[in-house]
Amino acid sequence: MRIIGFCNLKGGVGKTTACQNIAVGLAKLGKKVAVVDMDPQSNLSAGFGIMPSPSDPQVFDLLAGEASWDEILIRKEDVDIIPSSLNLVMAELNNKGPLSQDTALRDAVKKIDPFRYDYVLMDSPPQLGIFTRNVLTACSKIIVPMDGGFYSLLGLKLLETSLQIFRERLNPALEISGVLMTNYNPRIFIARQVFEDVKKNFPEAAFENYIRQNVTLVEAASMGMSIFSYDAKSKGAECYKAVTEEFMRKFDATSEPENHNEPVKVEPSEPEKSEPSPLEQIISSLPEAEPEPEKAPEPEQVITELPEPEPVPAPEPEPEPAAPQPKSEPVQPIQPVKEKPKPPRIDINTLPEGPLKTVLTMLPEEKRLMWYQMLEPMMITKRRLNVDILRDDFDESDKGRYNFYILDEEEDNLWPVMLSEQIEEPLRCALKIDENDGWAEVYL
């Protein structure tokens with residue numbers, strides 16, 4: 001059983017999305033997988049469509065010893081999920097509670113049969129608080145999801161420096177075993193430079209595959225399901241399928257259960273000397289971590305495609321009817337759902353007056369939640385709509401950087417604009433979204 005944590009001290013890098021979709025991808029490949037949501041914001045739980053009520057048992061009850069693993073877990077998409085809730089916030093404020101120790105999660109997970117799961121993935125919040133410390137103590141390997149931004153690289157550097165404390169005090173085997181680029185756009189220079197620096201400084205850990213910017217991933221999370229169940233033919237599903245296969249090559253779960261509570265010898269290796277890049281010169285002012293120990297490469301497991309179900313032979317006729325024999329259910333390949341379920345509703349009457357509320361009012365009710373999640377954290381500017389200016393702006397912009405959407409007066413629905421000739425009157429609203437940094441303009 002491999003216990004792997006998903007950590008990054010920089011927020012908004014797709015950490016929870018990576019944890020969820022890799023878990024489902026592993027389950028689709030026939031692996032026994034569980035996930036633990038250690039974030040009080042409960043984003044991983046919500047991503048699976050789980051919203052525990054105050055009376056439902058969740059991860060806090062597991063840490064407090066008030067409920068067992070099987071009493072808490074909820075199974076979705078062939079994955080066992082230990083959900084979270086805001087109760088964790090109250091637990092952090094209690095200095096004498098179950099989360100007052102960094103070993104609470106490790107002690108709880110040690111009670112699980114080591115052969116029950118192939119992988120146990122743990123999601124953590126984006127700060128080095130009590131919840132993240134519990135994850136770092138319970139797991140033996142860490143995957144660091146990060147986007148192509150400079151601050152995300154600083155978060156990786158800070159996490160690497162902090163791990164030395166955990167190796168010395170609580171978890172000698174802890175190591176960064178994977179660095180995954182998410183929300184990645186290879187056309188941006190700084191993103192390419194960050195990716196190159198990651199591969200240079202973490203040659204063994206860096207994933208060769210990456211997750212491209214994809215709005216379908218945002219839609220899937222708002223629907224409470226993984227990208228594989230929401231749209232298995234999307235670009236996001238293709239990216240996570242490739243990453244999941246590379247994940248299995250990195251982390252072989254067929255070996256004996258690992259015990260990372262016993263001390264191990266850490267022998268630092270001599271770092272290679274080379275000319276530092278511009279980003280490395282900026283980062284060099286941060287405190288340096290001890291060099292990582294050399295490790296033998298793990299056996300590779302090449303996965304070419306998802307397993308196909310084996311045909312069931314027809315039973316031979318017998319003189320007397322025999323009792324039906326149980327059949328093992330084959331692992332089904334990833335299939336797209338025929339119909340997308342309706343998303344939860346959002347009450348726009350509770351929103352303050354402004355451009356965001358105006359835009360959501362004009363949208364169909366089934367699309368309000370998705371666009372609220374996309375636009376709410378963005379910088380929105382409001383100005384009077386001028387069709388000629390918008391058409392000129394579209395022609396002069398970088399088509400790879402901006403996406404345009406307009407609201408048709410008759411259809412009352414947003415639809416993408418591919419050519420400037422499509423921008424015609426009458427119009428009530430247009431959205432111009434920068435796919436690189438999440439900035440948006442709303443033309444009203």
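Note that the structure is a prediction, hence the values are computed from the model and not measured.

## Focus on the overall build of the protein
Phase 1: What the protein contains, in helices and strands, is 16 helices and 12 strands.
Phase 2: Looking at the protein as a whole, 50% of its 444 residues qualify as buried.
Phase 3: Intrachain contacts of the protein at a sequence separation of at least 6 include 76% that bridge at least 24 residues.
Phase 4: If you sum the accessible surface of the protein, you get close to 23600 Å²; carbon and sulfur atoms cover 51% of it.

## Quick word on the sheet that holds strand β7 (residues 175-181)
Phase 1: Pairing is mixed across the open sheet formed by 7 strands, whose spatial order is β3-β4-β2-β5-β1-β6-β7. Across the chains shown, the open sheet's two edge strands, defined by having one partner strand only, are β3 (74-76) and β7. Taken over all neighbouring pairs, the strand axes of this sheet differ in orientation by 25 degrees on average, direction set aside.
Phase 2: By the bridge criterion, 3 bridges tie strand β1 (residues 2-6) to strand β6 (residues 141-146) in an arrangement that is parallel. Bridge pairing in β6 places I4 opposite K141.
Phase 3: On top of the sheet, helix α1 (residues 15-28) reaches β1, β2 (33-37), β4 (79-82), β5 (119-123), β6 and β7; it is set at about 165 degrees to β5, its chief contact.
Phase 4: Running at roughly 160 degrees to β5, helix α7 (residues 130-138) makes contact with β1, β5 and β6 of the sheet.

## Thoughts on α1
Given 3.6 residues per helical turn, the α-helix brings residues three or four places apart onto the same face.
Phase 1: Taking 1.5 Å per residue as the helical rise, α1 with its 14 residues ought to reach 20 Å, and the 20 Å between its terminal C-alpha atoms agrees with that figure.
Phase 2: Counted residue by residue, α1 has 13 buried out of 14 residues, so it is predominantly covered.
Phase 3: Where α1 terminates, the next one or two residues include G30, which has phi positive at roughly 90 degrees.

## As for the packing of aromatic side chains
Phase 1: This structure, assessed with the given rule, holds 6 aromatic pairs.
Phase 2: Judged by centre distance (4.6 Å) and plane angle (65 degrees), the rings of Y184 and Y210 are edge-to-face. Of this pair, Y184 sits in the loop between β7 and α9 (189-201) while Y210 sits in the loop between α9 and α10 (215-222), and the two are 26 residues apart along the sequence.
Phase 3: Residue Y210 is classed as partly exposed on the basis of its relative accessible area, which comes to 25%.
Phase 4: A centroid spacing of 6.0 Å and a plane angle of 85 degrees characterise the contact between F195 and Y210, whose relative ring orientation is edge-to-face.

Thresholds, definitions, all that
- Every chain begins its residue count from 1, and numbering advances along the sequence as written.
- Reporting in this predicted model follows two pLDDT cut-offs: at least 70 for local features of residues, and 80 or more for side-chain atom pairs to be given and counted; totals over whole chains, interfaces and linings ignore these cut-offs and use all residues.
- The basis for the side-chain values is all heavy atoms of the structure; hydrogens and waters are excluded.
- Secondary structure elements are taken from DSSP: a helix is a run of H or I of four residues or more, a strand is a run of E of two residues or more, and numbering for both begins at the N terminus.
- Relative accessibility under 20% of the residue-type maximum defines a buried residue, over 50% an exposed one, and the middle range a partly exposed one, all with a 1.4 Å probe and only protein chains included.
- Contact definition: two residues touch when any of their heavy atoms are within 4.5 Å.
- Calculation of accessible area relied on Shrake-Rupley with a 1.4 Å probe; when residues are assessed, cover is drawn exclusively from the protein chains displayed.
- What makes two strands pair is DSSP finding at least two bridges between them.
- Fitted lines through C-alpha atoms give the axes, limited to the stretch in contact for helices. The angle between two N-to-C directions lies from 0 to 180 degrees.
- Expected span of a helix: the number of residues minus one, times 1.5 Å.
- Put simply, two rings from Phe, Tyr or Trp (the six-membered ring, in Trp's case) pair if the centres are within 6.5 Å, and we call them stacked under 30 degrees between planes, edge-to-face over 60, tilted for the rest.

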